[in-house]
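# Understanding the architecture of this molecule
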Amino acid sequence: MKKVLIFLVFVVLLATQFLWVTMLPPGVSHDEIEYSLSSKTYALFGEDLSGTPFPLSLLQTGTLGEISPIAPLLLSPLWMIFPLSHETVRIPYVILTCIISGLVGYFAYLLFKKKSVAYLAAILFLINPWAYFLSHFAVETSFALFFYLLGIILLLRVHGYKLLFAFLAFVLGFFSYHGAKLLFLPIILICLVYRMQQKKEEKAPLHDEITFAIAMVLFLCIYALENLLISSSIITGRADDIIFLNSELLTKYVNEFRTQSILSPFSSLFINKGTESLRLMAQNYFVVISPLHLFITGDPRAVLSYHYHGLFYWYECVFIVFAIFSLARKNRITFFSLLALILIVPLPSAVSAQSEAIITRSFMLLPLLIVLCAYGMFVFYKLMPKAVYKKAFAVILIGIMSFGYFNFLYFYFFRLPILGQENFYTSQRALAKYVSFETAQGFPVIVIDDSPREVYLETIFYSDPQKKTSLLTKQKEEFLKGNYTIDSATFTNVCPQKAAPTVTYIVSTTRKSCLSKAKASYYIFDRADSGHIYKVINGNLCRGVEMMPWKNNHTFSDFAIEQMDEVTFCDRWLITSEQHEEPENPLK
């Protein structure tokens, strides 16, 4: 009976991972577009979106953010069989998250040798807000998490020649995500020390561990040498992403702080690039481990933020703390190993000069805190002196967990699509639909945006599958030259001096001075506050459609944008300029 209940729980939780996955989140971010379309171009041409073939793309690429190739490569066979679209792009990631939940459970079992802890860890992972975000975020992080977890499990579990599989898993994790590269050697060394401590108690030889460590160091040396031989390698191109290598950023802070100080011979001692590097890294590090972000507000980076919900549930903090004290008393080896891992996994976030991001850069913190929480719940349950207390605790805990999860699902599906519309660049999805209506009738369209390449790629992504393939194939050379055109639409960051009466202009709110005197026909807007994101000039749609200066009563059907006819689209995604204020663009 117990096994049947556990099976049913997993069936229900796995099913909830696929809720509205074809519709929500309501848009696809620029990073997701880069990975998704690169996966498609790997399927079509054997190269990424910048035209760089594999395996060269492991070391060099011209894609936005110089993306890692593993995720697009592994998914590329899917897009040879199934259409790549908003409805399908996240399904592989949901499936991968379900698999990762099993790895998290097995990792917990290896550490604590308790099946109950393993089942609980897998369940906690499936209901976790951080894990849910990753399952619906079509970038590389989930693949790095999968391969590193698999590598850790194999390293702790297998012996002899089978360690080659652990080596392969770690290498794939290394190439899956640039942020994972910083964790490669520290994670392996900590796991090897843990494994050696286990063997020390058994008085077993350490040949496998020493060989594995040497192999990993040799791999890193070869990788570093290859990057030195390539002048425009990914490592060289992203050097400024590291705080202590970003001379421009550090110089700015040093000059600013010295200017704001009273003249003193000690200024150069206390205000220099070294002290500022340490300050910025410490700031980023403590952002990651802040209970405020982990349990209350979520990731501080706008495009990754839940705004009003933590990455863990607040009650889990109690069990994590309880587990730490319990392990420190009962199992010192596991305690120090987990503590070391928890302390080093925020490093990619800490050294980043780009932005404070937890969900992606500190991805390995997720399974570590999950297994601690599961162990804390298990020990707390076992400490109950009587069976009746244990049952009461289990009932209360299940009730709290169930309410927390369903509350999160309500937040994710009913509030976040509106509050976080522009986290997912949903206005650019609406823009793509608008452009398709105009160009279908042969009207010339000029889209003016600070990031024309990304808007152009968003429009390609939301094209129908056949047209998407045609555009990626026929306009490949023009795209690589920086010419962004689709039918009669042009995407640019250059603003004309005057609006031509026969051309439809779509101007981003980031370009408020562009064609500012031209009257807007209507706006593409933010559903959270009806603030406009794009201004449409000389629009040819919506004639005879009555529009309002705001929208309310949002429905799920509002996000079935590709299926809308012209009248429905005008009614749900365009507003007039009457009584309209223009707040700052949430994209910025």
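Residues numbered from 1 in each chain as written. Predicted model: local features only at pLDDT ≥ 70, side-chain atom pairs only at ≥ 80, totals over all residues. Heavy atoms only, no water.

## So, the overall build of the protein
The helix and strand inventory of the protein stands at 27 helices and 7 strands. Whereas a compact globule of 588 residues would reach a radius of gyration of roughly 25 Å, the protein reaches 26 Å, a difference of no more than 12%. For the C-alpha atoms alone, the extent of the protein along its principal axes is close to 85 × 60 × 60 Å. Within the protein, buried positions represent 55% of all 588 residues. (Helix = DSSP H or I, 4+ residues; strand = E, 2+ residues; numbered from the N terminus. Rg over C-alpha atoms; globule rule 2.2 N^0.38 Å. Buried < 20%, exposed > 50% of the residue type's maximum accessible area, 1.4 Å probe, protein only.)

## Details of the packing of aromatic side chains
Scanning the entire structure with this criterion turns up 56 aromatic pairs. Centre to centre, the rings of Tyr410 and Phe414 are 5.2 Å apart; their planes meet at 15°, and the pair counts as stacked. Note that Tyr410 and Phe414 are positioned in helix α22 (residues 387-419) at a spacing of 4 residues, about one turn of the helix. For Tyr410, a relative accessible area of 46% puts it in the partly exposed group. Where Tyr434 meets Tyr522, the ring centres are 5.9 Å apart and the plane angle is 65°; that geometry is what we call edge-to-face. With a gap of 88 residues between them, Tyr434 in helix α23 (residues 426-440) and Tyr522 in strand β5 (residues 522-525) connect regions that are remote in the sequence. By the burial criterion, Tyr434 is buried, and Tyr522 matches it. Following the ring pairs from residue to residue traces out a cluster consisting of Trp20, Tyr132, Phe133, Phe137, Tyr306, Phe408, Tyr410, Phe411, Tyr412, Phe413, Phe414 and Phe556. The ring of Phe461 has Lys468 lying over it, and the distance from NZ or CZ to the ring centre is 5.7 Å. (Phe/Tyr/Trp six-rings, centres within 6.5 Å; stacked < 30°, edge-to-face > 60°. Lys NZ or Arg CZ within 6 Å of the ring centre and 35° of its normal.)

## Thoughts on the pattern of salt bridges
Going through the model one piece at a time under the given rule, you end up with 11 salt bridges. Of the charged contacts, one joins Arg453 and Glu34 as a salt bridge, the two residues approaching to 2.7 Å between their closest N and O atoms. With a gap of 419 residues between them, Arg453 in helix α24 (residues 452-461) and Glu34 in helix α2 (residues 30-45) connect regions that are remote in the sequence. For the residue pair Arg453 and Glu34, the accessibility class agrees, reading buried in each case. (Salt bridge = Lys/Arg side-chain N within 4 Å of Asp/Glu carboxyl O.)

## Thoughts on the nonpolar core
Residues Trp130, Tyr148, Phe170 and Ile187 are the most contacted members of the largest nonpolar core, which totals 166 residues. Of the residues forming this core, the biggest block, 13 residues, is contributed by helix α21 (residues 365-382). Apart from residues no more than four positions distant in its own chain, Ile187 is found in contact with Tyr148, Ile152, Phe170, Leu341, Ile344 and Met364. Ranked by size, the runner-up nonpolar core spans 8 residues in total, among them Ile448, Val503, Cys514 and Ile537. (Core = buried A, V, L, I, M, F, W, Y, C linked by side-chain atoms within 4.5 Å. Contact = heavy atoms within 4.5 Å.)

## Remarks on the side chain of Gln421
For Gln421, the location among the structural elements is in the loop between α22 and α23. Looking at Gln421, its side chain comes within polar contact range of the main-chain nitrogen of Arg527, at 2.8 Å. Setting aside chain neighbours within four positions, we find Gln421 in contact with Leu416, Thr426, Ser427, Phe525, Asp526, Arg527 and Trp573. (Polar contact = N/O pair within 3.5 Å; in protein donor to acceptor, adjacent residues only side chain to side chain.)

## Some words on the pairing of strand β4 (residues 504-508)
Counted residue by residue, β4 has 5 buried out of 5 residues, so it is predominantly covered. Across the two faces of β4 the burial is the same, with Thr504, Ile506 and Ser508 and Tyr505 and Val507 all buried. Alignment of strand β1 (residues 445-448) against β4, held across 4 bridges, turns out to be parallel. Bridge pairing links Ile446 to Tyr505 in β4. Pairing analysis gives 4 bridges linking β4 to strand β6 (residues 532-537), with the strands arranged antiparallel. Looking across to β6, one finds that Val507 is bridged to Lys535. (Pairing = 2+ DSSP bridges.)

## Description of the sheet that holds β5
Ordered in space as β2-β3-β1-β4-β6-β5-β7, the 7 strands form an open sheet in which the pairing is mixed. The sheet is open, and its two borders are formed by β2 (485-486) and β7 (574-575), each paired with just one other strand. Lying on the sheet, α24 is in contact with β1, β2, β3 (489-492) and β6; it crosses β3 at an angle near 145°. (Axes fitted to C-alpha atoms, helices over the stretch in contact; angles between N-to-C directions.)

## Details of helix α12 (residues 207-229)
The end-to-end C-alpha distance of α12, which contains 23 residues, comes to 33 Å, matching closely the 33 Å that a straight helix rising 1.5 Å per residue would cover. Among the residues of α12, Glu209, Phe212, Met216, Phe219, Tyr223 and Asn227 are the ones counted as buried. (Expected span 1.5 Å × (residues − 1).)

## Focus: the packing of helix α19 (residues 332-344) against α21
Packed helices, taken two at a time, are described by the angle their axes make and the gap between the axes. Viewed as axis vectors pointing N to C, α19 and α21 meet at an angle of 145°, and their least axial separation amounts to 9 Å. In terms of crossing hand, the pair formed by α19 and α21 is left-handed. On α21, the residues that touch Leu338, Leu341 and Ile342 of α19 are Leu365, Leu368, Leu369 and Leu372. For the contact of α19 with α21, the per-class residue count stands at 7 nonpolar, no polar and no charged. (Left-handed = near helix turned anticlockwise from the far one by under 90°. Nonpolar A, V, L, I, M, F, W, Y, C, P; charged D, E, K, R; others polar.)

## Structural notes on the state of the cysteines
Using the criterion set out here, one finds 2 disulfides in the structure. Covalent S-S linkage joins Cys495 and Cys514, the inter-sulfur distance amounting to 2.0 Å. The sign of the S-S torsion, about 95°, decides the handedness of the disulfide formed by Cys495 and Cys514: right-handed. With Cys495 in the loop between β3 and β4 and Cys514 in the loop between β4 and β5, the pair connects residues that are 19 residues apart, well separated along the chain. For Cys495, a relative accessible area of 24% puts it in the partly exposed group. Each disulfide pairs two cysteine sulfurs, and for Cys542 the partner residue is Cys570, the sulfurs being separated by 2.0 Å. One quick way to see it: the torsion about the S-S bond of Cys542 and Cys570 is about -80°, and its sign makes the bridge left-handed. In this pair, Cys542 is assigned in the loop between β6 and α27 (566-573) and Cys570 in helix α27, connecting sequence segments 28 residues apart. Residue class for Cys570 comes out buried when judged on its relative accessible area of 0%. Numbered by order of appearance in the sequence, the disulfide-linked cysteines of the protein pair as 1-2, 3-4. There is no disulfide at Cys98, and the cysteine sulfur nearest it, in Cys373, is 20 Å away. You can call Cys98 buried: its relative accessible area is 15%. (Disulfide = S-S within 2.5 Å.)

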